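Secondary and tertiary structure notes
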Amino acid sequence: MKKKIRHYASKLLALLLSSAVILILLALGEIYCRYFTRVNFLDNTSGLFTAKRFGNSYGNTPNFSGISFGAEFQTDEEGLRIVKNASQPDSKSQPSILVMGDSVVFGPALDAAETIPGRLQAMMPDRTVMNAGVIGYDTTDYLNATRYFVDRHPEIDTVLLFVCLNDVNDESASEIRGNIERRTDGPQAVANPLRLANDFLRSRSKLYLLLKNALVDTQKNYFDYDAAFYSRGPEFVAAAIRPVAELDRFLKSRNINLRVYLLPYEFQLRASAGPDVMRPQSIILSALEADGLKARDLTPDFTTAGIDPSLLFLYGDPMHLSSDGTLIAAESVCRDLPDCKRKNR
């Protein structure tokens, strides 16, 4: 009997020691990832969005502070992202530029000054550059939100619209709208346990995100998924992009200039990707041209930057730009603006 007790006790001790070693290794790995890698947490503070801010479009909650992908952010009384705790100039006293887009413009994981609008503001200190980016937006949301800001800010004389490949589908916007409505008007839906676990870990463990990215090519998977929408044909894309043409007509009626820019995905910049990966941009450009709009694809600026493409985006991210990536985008756009002066690197 005593031999059995000693046998099981030794096995239990070995199990406890093994578990302790594993926990210590995981803890060391987490510490390493948090302090010595580019990995970002992938979550946003609850309450960032408010339903039906601009017609049927949700928007950033006004006068709100929180965390997006690990970086602090702050919005003003209209939900525009601003430099945290900084005094804001009186935008109505000078011509203003409204920068519209989705999360890439909003700038998760970046300080406000490192976003595309923030960098343009530094290049144009005599003008006000407004960051109207909202996570998950699509082309219809761009139209609704821009109308709101233009109606309230007669000093806006230019609108810069940054289009991403996922703008031709409204899945992100629909999911966020659904989450907002359930949070405010109804019971919460029962989520998939695997998704709950993934959401929990991606907001708390950088080691998990590092290992996940090592095992799965997230950037390619996202590109393949969004590129599939462009296989539905030019008519589908033209219909999805049409709100941009409506936006252009609205702005022309106010004598406001619209400039449209297309942003690349990380996978498209890889040398191994091949020429066919640029087909989505070609389809968007053709659709806009058919509606009398010219746009500029910023992909060449990224491919000729001489920087590893993965460093132009957040770690393991398919489309969100890093600080280096926003600088390339802002410098390229700066060339189109007569009163913009590019900074020396």
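Structure report, in brief. What you see is a predicted model; the values in this text were computed from it and never measured. (Residues numbered from 1 in each chain as written. Predicted model: local features only at pLDDT ≥ 70, side-chain atom pairs only at ≥ 80, totals over all residues. Heavy atoms only, no water.)

A short note on empty space enclosed by the protein
- In this structure the tally under the stated criterion is 2 cavities of 30 Å³ or more.
- There is about 40 Å³ of room inside the largest cavity.
- In terms of lining, the largest cavity is formed by R53, F54, N60, E78, G79, L80, N131, A132, G133, V134 and F149.
- Of the residues contributing to the lining of the largest cavity, the split by class is 5 nonpolar, 4 polar and 2 charged.
- Reported here for the second largest cavity is a volume of approximately 30 Å³.
- V104, C164, L263, P264, Y265, F313, M319 and L321 are the residues that line the second largest cavity.
- Across the lining of the second largest cavity, the residue classes tally to 8 nonpolar, no polar and no charged. (1 Å grid on protein atoms, 1.4 Å probe; cavity = no way out; pocket = protein on both sides within 12 Å on 5 of 7 lines; lining within 4 Å. Points joined across faces, edges and corners; volume = space filled by probe spheres on them. Nonpolar A, V, L, I, M, F, W, Y, C, P; charged D, E, K, R; others polar.)

As for the state of the cysteines
- The tally for this structure, following the rule as stated, stands at 1 disulfide.
- Paired by a disulfide, C334 and C340 hold their sulfur atoms 2.1 Å apart. In this structure the cystine formed by C334 and C340 twists about its S-S bond by roughly -115 degrees; its chirality is therefore left-handed. Exposure class is identical for C334 and C340. Each is buried. (Disulfide = S-S within 2.5 Å. Buried < 20%, exposed > 50% of the residue type's maximum accessible area, 1.4 Å probe, protein only.)

A look at helix α4 (residues 139–152)
- With 14 residues, α4 extends 20 Å between its outermost C-alpha atoms, agreeing within 8% with the 20 Å of an ideal straight helix rising 1.5 Å per residue.
- A large share of α4 lies buried, amounting to 10 of its 14 residues.
- When we look at burial in α4, the residues that qualify are T139, D141, Y142, L143, N144, A145, T146, Y148, F149 and V150.
- Measuring from the backbone nitrogen of T140 back to the side-chain oxygen at the start of α4 gives 3.2 Å, which picks out D138 as the cap. (Helix = DSSP H or I, 4+ residues; strand = E, 2+ residues; numbered from the N terminus. Expected span 1.5 Å × (residues − 1). Polar contact = N/O pair within 3.5 Å; in protein donor to acceptor, adjacent residues only side chain to side chain.)

Notes on the nonpolar core
- L120, F149, L160, L161, F162 and I284 are the most contacted members of the largest nonpolar core, which has 82 residues in total.
- The element best represented in this core is helix α9 (residues 234–253), accounting for 8 residues.
- Here L160 is in contact with I97, L98, V99, M100, L120, R259, Y261, V333 and L337, once residues within four sequence places are set aside. (Core = buried A, V, L, I, M, F, W, Y, C linked by side-chain atoms within 4.5 Å. Contact = heavy atoms within 4.5 Å.)

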